[in-house]
Amino acid sequence: MLEMKGVNSAYGRAHILYDLSLSANRGEVVVLLGRNGAGKSTTLKTLIGLVPPLSGEISFDGRRIERLEPYQIARLGLGYVPEERRIFTDLSVMENLEVGKQAPRADAPRWTPEKLFRLFPNLAGMRERPGAHMSGGEQQMLTIARTLMGNPRAILLDEPSEGLAPVIVEQMAKTILELKQEGLCVLLSEQNLHFANLVADRAYIIEKGHIRYEGSMAALAANEQIRATYLSI
Amino acid sequence: MSLSAQFIQLLNGLASASSLFLVAAGLSLIFGVTRIVNFAHGSLYMLGIYTAYSLVNVFGGGMLGFWGGVLCAGIVVGLFGAIVERLLLRRLYHAPELLQLLATFALVLIVRDFALWIWGPEDLLGPRAPGLGGAVAIAGREFPQYDLFLIALGPVVLLLLWLLLTRTRWGTLVRAATEDREMAGALGVNQAWLFTSVFALGAFLAGLGGAVQIPREPAVLTMDLTILSDVFVVVVVGGMGSIPGAFLAAVLIGVIKAFCIGIGNVSLLGIDFSFSKLTLVIEFIVMAVVLVFRPWGLLGRQQGIPRGAAAVEPPLHLPSRGMFMALVAALALLALLPLVSDRYTLVLLTDILVFALFAVSLHFIMGPAGMHSFGHAAYFGLGAYAAALLLKHAVPMELALALAPLGGGIAALLFGWFCVRLSGVYLAMLTLAFAQIAWSVVYQWDAFTGGSNGLVGIWPAPWLSSGNAFYYLTLVLCAAAILLLWRIVYTPFGYALRAGRDSPLRADAIGIDVRRQQWLGFALAGVFAGLAGALHAFSKGSISPDTLAIPRSVDGLVMVLMGGIQTLTGAVAGAAVFTWLQDVITRQTEFWRAVLGGIILLLVLAFPQGIAGFIRERWEARAGKNRA
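What you see is a predicted model; the values in this text were computed from it and never measured. (Residues numbered from 1 in each chain as written. Chains lettered and ligands numbered in written order. Predicted model: local features only at pLDDT ≥ 70, side-chain atom pairs only at ≥ 80, totals over all residues.)

## Let's talk about the overall build of chain B
The helix and strand inventory of chain B stands at 26 helices and six strands. On C-alpha atoms alone, chain B measures out to a radius of gyration of 25 Å, which is about the 25 Å that the 2.2 N^0.38 rule sets for 628 residues. Dimensions of chain B, computed from the C-alpha atoms along their principal axes, are close to 75 × 65 × 55 Å. In chain B, the share of contacts with a sequence separation of at least 24, taken over all contacts with a separation of at least 6, comes to 79%. (Helix = DSSP H or I, 4+ residues; strand = E, 2+ residues; numbered from the N terminus. Rg over C-alpha atoms; globule rule 2.2 N^0.38 Å. Contact = placed C-beta atoms within 7 Å.)

## Things to note about the overall build of chain A
On a plain count of helices and strands, chain A comes out with 10 helices and 10 strands. Relative to the compact-globule value of 17 Å for 233 residues, chain A shows a C-alpha radius of gyration of 17 Å, a close match. Its C-alpha atoms put chain A at 45 × 40 × 35 Å along the principal axes. When burial is assessed residue by residue, chain A has 45% of its 233 residues classed as buried. Sequence-distant contacts in chain A: of pairs separated by 6 or more residues, those separated by 24 or more amount to 69%. (Buried ≥ 20, exposed ≤ 12 C-beta atoms within 10 Å, placed from the backbone.)

## Side note on the nonpolar core
Residue and element names in this part refer to chain B. Ranked by size, the top nonpolar core spans 271 residues in total, and within it A24, V234, A250, A356, L357, A359 and A387 carry the most contacts. When residues of this core are assigned to their parent elements, the largest contribution, 15 residues, is made by helix α16 (residues 424-444). Per-domain counts for this core show at least three residues from each of domain 1 (3-293) and domain 2 (353-559). (Core = buried A, V, L, I, M, F, W, Y, C linked by C-beta atoms within 7 Å. Domains from an automatic or database assignment.)

## Focus: the environment of W67 of chain B
In this fold, W67 of chain B is placed in helix α3 (residues 63-87). Spatially, the C-alpha atom of W67 of chain B lies 10.0 Å from that of L55 of chain B, the residues being 12 residues apart in sequence.

## Some points on the sheet that holds strand β3 (residues 29-33) of chain A
Residue and element names in this part refer to chain A. The strand order across the open sheet formed by six strands is β6-β7-β8-β3-β9-β10, and the pairing between neighbours is mixed. The sheet is open, and its two borders are formed by β6 (78-81) and β10 (210-216), each paired with just one other strand. With strand direction ignored, the average angle separating the axes of adjacent strands in the sheet is 15 degrees. Looking at chain direction, strand β7 (residues 154-158) and strand β8 (residues 185-190) are connected through five bridges and run parallel. For L157, the partnering residue across the bridge sits in β8 and is L188. (Pairing = 2+ DSSP bridges. Axes fitted to C-alpha atoms, helices over the stretch in contact; angles between N-to-C directions.)

## Observations regarding the pairing of β7 of chain A
Residues and elements named next belong to chain A. Counted residue by residue, β7 has five buried out of five residues, so it is predominantly covered. In β7, alternate side chains face the same way, and those of A154, L156 and D158 on one face and I155 and L157 on the other are all buried. In this structure, β6 lies alongside β7, joined through four bridges in parallel fashion. Looking at the pairing, Y80 lines up with L156 of β7. Taking the sense of rotation as the criterion, the β-α-β connection linking β7, helix α7 (residues 166-181) and β8 turns out right-handed. (Right-handed = clockwise from strand over helix to strand, strands pointing away.)

## Considering the environment of R129 of chain A
Residues and elements named next belong to chain A. Among the structural elements, R129 can be located in the loop between α5 (121-124) and α6 (136-148). When the C-alpha positions of R129 and I73 are compared, they lie 30 Å apart, and in sequence the two are 56 residues distant. If we skip the residues at most four places from it in the chain, R129 touches S92, V93 and M134.

## A few points about the packing of helix α6 (residues 169-179) of chain B against helix α8 (residues 191-211) of chain B
All names here are of chain B. Interaxial distance between α6 and α8 falls to 11 Å at its minimum, and their mutual angle equals 105 degrees. What the angle tells us is that α6 and α8 run roughly perpendicular. Across from L173, V174 and A177 in α6, the residues of α8 making contact are Q191, L194 and V198. Here the residues of the contact of α6 with α8 are counted per class, giving five nonpolar, one polar and no charged. (Parallel < 35°, antiparallel > 145°, perpendicular 65-115°, else oblique. Nonpolar A, V, L, I, M, F, W, Y, C, P; charged D, E, K, R; others polar.)

## Quick notes on the packing of helix α14 (residues 377-392) of chain B against helix α15 (residues 397-419) of chain B
Residue and element names in this part refer to chain B. It is the contact of α14 with α15, at a shortest axis distance of 7 Å, that shows an interaxial angle of 145 degrees. For the crossing formed where α14 meets α15, the hand is right-handed. Contact residues: A378, Y379, F380, L382, G383, Y385, A386, A387, L390 and L391 in α14; M397, A400, L401, L403, A404, P405, G407, G408, A411 and A412 in α15. Here the contact of α14 with α15 is composed, by residue class, of 17 nonpolar, three polar and no charged. (Left-handed = near helix turned anticlockwise from the far one by under 90°.)

## Overview of the interface of chain A and chain B
Contact with chain A, which involves 22 residues of that partner, is made by 17 residues of chain B. For the side of chain A that touches chain B, the secondary structure elements donating two or more residues are α2 (70-75), α3 (93-100) and α6 of chain A. Residues belonging to the side of chain A that touches chain B are distributed by class as follows: 10 nonpolar, five polar and seven charged.

## A closer look at the domain arrangement of chain B
Accessible area lost on assembly of the parts is the figure often given for the size of an interface. Residue and element names in this part refer to chain B. Considered domain by domain, chain B is made up of domain 1 (3-293) and domain 2 (353-559). Between the C-alpha centres of domain 1 and domain 2 there is a distance of 32 Å. Counting residues at the interface gives 19 residues for domain 1, matched by 16 residues for domain 2. Those elements that provide at least two residues to the side of domain 1 that touches domain 2 are α4 (97-119), α9 (223-238) and α11 (275-293). Ranked by residues supplied to the side of domain 1 that touches domain 2, first place goes to α11 with nine residues.

## Quick notes on the confidence of the model for chain A
Averaged over chain A, the pLDDT score is 92; the fraction of residues at 70 or greater is 100%. Of all the helices and strands in chain A, helix α10 (residues 224-230) of chain A carries the lowest mean pLDDT, 85, while β6 of chain A carries the highest, 97. (pLDDT = per-residue confidence, 0-100.)

## Some words on the sheet that holds strand β1 (residues 2-11) of chain A
All names here are of chain A. Reading across from one edge, β2-β1-β4-β5 is the order of the four strands in this open sheet, with antiparallel pairing throughout. If you trace the sheet from one side to the other, it starts and ends with β2 (14-24) and β5 (63-64), each paired once. Inspection of the sheet shows β1 paired to β2 by seven bridges, in the antiparallel sense. Looking at the pairing, L2 lines up with A24 of β2. The sheet contacts of helix α1 (residues 40-48) involve β1, β2 and β4 (55-60), and relative to β2 the element is tilted by about 70 degrees.

## A word on helix α2 (residues 41-59) of chain B
Think of an α-helix as 3.6 residues a turn; residues three or four steps apart then line up on the same face. All names here are of chain B. Its 19 residues give α2 an end-to-end C-alpha distance of 26 Å, which sits within 8% of 27 Å, the value for a rise of 1.5 Å per residue. Of all 19 residues making up α2, 15 are buried, and the element is well covered by its neighbours. A positive phi of about 90 degrees marks G60, the residue just after α2. (Expected span 1.5 Å × (residues − 1).)

What follows is the structure in structure tokens.
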């Protein structure tokens, strides 16, 4: 459903991604693992069009998207949840959801604020609260809920467990599995191997902008040496 | 003043505040979403008042004709704004912020000449509003009915804007994009469409703000810059991007101004003081005071660096050997030129040298120090006036020239102390405010500065007046000063300035007193601008308040930006091209502004990195190819 082939990306003169190829399918949770600065966030930003690739192909649902603007990609049904919780702090919870709203799609789950409040019960009690007055965990949930309002067919999650309390991390894992149940394609970046183990079917390991490993999550869990080489600190 | 007179002044102030608020709200909206400081906003206001004048003439002065004409004028200007956004600004959203500023300034020039071409140079006063032409008795005095309508208009527009921004999906998207436009885009919000609509609404408000003024004040060609500085003040005092703030500030400034006119001349402890003369500067004094105590305006909040727009300045390279050779060759050429060129060319070259130094001193604080000054002409002009006044007080010319730069330096030291406390747009506006204050003092102090007539008979000493002597003096002083400023960029002081520009926090953390360094940098730039001003005064033999007026500051900005802010040599190239172009075009056509504006637009669109930046890029590309 989502595929990158030989993609190179750069910020100005700093070359970040080298001939990157990866794919993710409908109803599958794929995790992109790697240390700080490995290029995980850049990969997701390249997919959503925030960092236009220098070369290579990106396709989503059979359509080439590497030359499209972020808003055009988002309107095709690719949702993006940034790291560092970029909610609109001047806007209330309901208004944040309004910004993410798109028309329903025939082949994707349909989200309404009420349905999202069932998925994220904490948000239900603070509909009119401005984003600035929410805790980190609440903000993280709001960023995901906001993206789901676009009724995406696939969703990119940039380090969803970062900086969250353990209890919230568990809840986040449960949410991601529910999204998978709904038939979404989920691609997430992570540093937290434990969290990845909870949710992912397949894994890629990225280091210095190159893909170093590709395989099922179970195989990775069994491969002590790969983990030691690319993931341990 | 009696109580009833005070009440009438209050109403007068409120009436003039309404129009000011409409225009300011438009500017604030546009800035909030697009981050463009729209210099052409005053021009949109001017177009509004002229268009309304014509439309009301065509439609007839009846009830429908008048109000229809006023409303249509707003719509016409709104459409014009949308076209400008789509054809011009859209191409510049990825260009550096200051380049967008330059483009909107080019629009100011073009719109000014467009108005001159269509409506001519005479002032045009519109008809009275039908049904509101009379006066009502308030507190025993006659008060125009139309002004009562204006008083009501401001709050009504404020309410409508508030509803639009908080109760509609469009408003929610606008507020989201104001905060983080990149994120809004990644959620599927089409920014291009949003920007066009915001620009159209802002332009409509500016046009309407102008149109409703037709029964009150005549349409004048210079009103674009006059209203622009008023509106800048309102927006900054209220807080950039805050609509209620703009309303509050418009009311505050409108009322204070009206009271200054109302009080008139008073005698305090035997000293006569004219409050009505204060009206020229009072708003700038209010702004300076507000910014010192509330750096983000009355209702504004600290502006983060807008996401997705963080362009990191590339490091400055040491000039190459080839660059040095080119520099030496250029200096040699300039030294030999008087042997072959005529008088006229030498005068033009002297101007170019003086403005090159002026532009380099501005570049010094804008480029390496990252402080964008909209009022650099103040230091140029005060240097010029210092030279002239010293000469008038029997100081020998040579000594006057040597001391004059301190005039610019001391002013920069004083104003800079306030300015370095701010950053970004707020800093730029404060520099503008100080320049306007300096101008207004010079303009009004007839006894000392000669007021609007300026000072004449400021000629260099006899030994410098003969032949090419003054040209050589200018060449030597300007070249030396420019080289010294360039050298300073590569001293530890220069590194500290650049560190402070790139990351004030990190610079602070490694022990650099960023504010102090910026303050010194600001004062130093003032000294060199003062030197340029003094040389200018002696080369012309006379000076007028125009030397330090806002258009001169804008000239400096255009020079620096035309040359390219990331290059050292750019300011010189920009000054040379700008001064030469201005000279050539003003001799060819009455519509020189439009031609100049058109050329600036072409340059901006063709070379977004500036002239020198463009040449360097080409050069590097060629060098790269040769190496490969």
